[in-house]
Amino acid sequence: MNHSFTVYEQQIRKQLIGWEKELLKPPGMLEKTSRALQTRINQTIPEKVHTAITAAVKGIVQTALFSLDYIPKSEPLQGMTLASRDHKAEELIGFYKKLAAAEGAGTGAGGIFLGLADFPILIGIKMKFLFELAHIYGHSTLDYRERLYILHVFQVAFSSQNKKPELYRAVVNWPQTVKTLPPEDSYAQHIDWRQLQQEYRDTIDFRKMLQLVPGIGAVVGAWANYGLLEELGQAGMNCYRRRWLDEAEEKNKLT
């Protein structure tokens, strides 16, 4: 059946154009300066520390992407309009923002050690959110390729302006990207875990470092985590919106 785009769907398509333009804009002077500083800092960190952090991020992300713990119990939603899906997605984002803020306030109030513990916990919260978001937009996370899509969305949200265009192209052109994906049993060998952890850490570094400051950790932890989930929510929702609209348009061409 030919899909006639509603006024709402046409408005979302226009909104996506503006969001994509902002997402893909070249890095400004502030980001270039910040990036240069981050690079210098990374060079001073001992290799064994980089290795330890990379291993931690790899372990957390691998567990999230390839264990059954993160797969929602509910089936992917079918036969729903984009407007209905968006409404459910906004409710989900609101819930996870509050959850992340509460977690950040709790660990932030506990000083440096609990503040550091927030790092892996927050990644887990983000991954759980993305798994549920995938099901809202009708995609089953039982398929490992959908879980790799989630990883791409995660990286779109938390990578530098230099990396975002390449990552977003992979998301937008997902039918072609899928053809290049490695088999499920060897996917881990094709992921640059070191780059993933550095991009993620550098993107959230300033806010999370403030969380470790005595006396303000709880407030900053809540603020930082709330904002990070808001950013991820916007990126995730818009990636799935774009995919939904593109798939509907492709179906129109075939009918």
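Residues numbered from 1 in each chain as written. Predicted model: local features only at pLDDT ≥ 70, side-chain atom pairs only at ≥ 80, totals over all residues. Heavy atoms only, no water.

1. Things to note about the packing of aromatic side chains
Note the threshold: Here a pair means two rings of Phe, Tyr or Trp (six-membered ring of Trp) with centres within 6.5 Å. Their orientation is stacked below 30 degrees between planes, edge-to-face above 60, and tilted elsewhere. For the purposes of this entry, the term helix denotes a DSSP run of H or I that reaches at least four residues, the term strand denotes a run of E that reaches at least two, and both are numbered from the N terminus. Burial here depends on accessible area, computed with a 1.4 Å probe over protein chains only, as a share of the maximum for the residue type. Under 20% is buried, over 50% is exposed, and the range in between is partly exposed.
Taken as a whole and judged by the stated rule, the model has eight aromatic pairs. An angle of 50° between the planes, with centres 6.0 Å apart, marks the rings of Tyr-70 and Phe-131 as tilted. In this pair, Tyr-70 is assigned in the loop between α3 (47-66) and α4 (82-108) and Phe-131 in helix α5 (residues 111-136), connecting sequence segments 61 residues apart. Under the relative-accessibility criterion, Tyr-70 is labelled buried at 16%. Ring centres of Tyr-149 and Trp-174 lie 4.9 Å apart, and the angle between their planes is 80°; this geometry places the pair in the edge-to-face category. Of this pair, Tyr-149 sits in helix α6 (residues 144-157) while Trp-174 sits in helix α8 (residues 174-180), placing them 25 residues apart in sequence.

2. Side note on α6
Counted only if it meets this: A helix is expected to reach a length of 1.5 Å times the quantity of its residues less one. Polar contacts, as counted here, are pairs of nitrogen or oxygen atoms within 3.5 Å of one another; within protein the pair requires one atom able to donate a hydrogen and one able to accept it, and residues that are adjacent in sequence qualify only if both atoms are side-chain atoms.
Taking 1.5 Å as the rise per residue, α6 with 14 residues should run 20 Å; its terminal C-alpha atoms sit 20 Å apart, in good agreement. In terms of residue burial, α6 counts as a mostly covered element, since 13 of its 14 residues are buried. Its side-chain oxygen 2.9 Å from the backbone nitrogen of Arg-145, Asp-143 forms the N-cap of α6.

3. Digging into the layout of surface pockets
Definition in use: Both site types are read off a 1 Å grid over the protein atoms alone. A 1.4 Å probe that fits but cannot get out defines a cavity, while an open set with protein on both sides within 12 Å along at least five of seven lines defines a pocket; lining residues have an atom within 4 Å of a point. Grid points are joined across faces, edges and corners, and a volume is the space filled by probe spheres set on the points. When residues are grouped by polarity, Ala, Val, Leu, Ile, Met, Phe, Trp, Tyr, Cys and Pro land in nonpolar, Asp, Glu, Lys and Arg in charged, and all others, Gly among them, in polar.
There is about 530 Å³ of room inside the second largest pocket. If you go around the second largest pocket, you meet 23 residues; those closest to its centre are His-152, Gln-155, Leu-167, His-190 and Ile-191. For the lining of the second largest pocket, the secondary structure elements donating two or more residues are α6, α7 (164-172), α8 and α9 (193-210). A per-element tally of the lining of the second largest pocket places α6 first, with five residues. Of the residues assigned to the lining of the second largest pocket, the class counts are twelve nonpolar, seven polar and four charged.

4. As for the confidence of the model for the protein
What counts, and what does not: Values of pLDDT, ranging from 0 to 100, describe the predictor's confidence in every residue of the model. It only takes one pair of heavy atoms within 4.5 Å for two residues to be counted as in contact.
The pLDDT averaged across the protein works out to 81; a share of 74% of its residues lies at or above 70. Here helix α2 (residues 29-44) stands out as the element of the protein with the lowest mean pLDDT, 59, in contrast to helix α1 (residues 7-23), whose mean of 96 is the highest. Low pLDDT (under 50) marks residues 108-115, which in the prediction has eleven contacts with non-local residues, meaning those over four places away or in another chain.

5. Describing the packing of α6 against α7
Cut-off, in case you're wondering: Orientation is described by lines fitted to C-alpha atoms, with helices fitted over the stretch in contact, and by angles between N-to-C directions that extend from 0 to 180 degrees. Should an angle lie under 35 degrees it is considered roughly parallel, over 145 roughly antiparallel, and from 65 to 115 roughly perpendicular; all remaining angles are considered oblique. When the near helix sits turned anticlockwise from the far one by under a right angle, the crossing is termed left-handed; a clockwise turn instead gives a right-handed crossing.
Where α6 contacts α7, the axes come no closer than 9 Å and their chain directions differ by 150°. Considering their axes alone, α6 and α7 lie roughly antiparallel with respect to each other. Of the two possible hands of crossing, α6 and α7 adopt the one that is left-handed. From α6, Tyr-149, His-152, Val-153, Gln-155, Val-156 and Ala-157 reach across to α7, where they touch Lys-164, Leu-167, Tyr-168, Ala-170 and Val-171.

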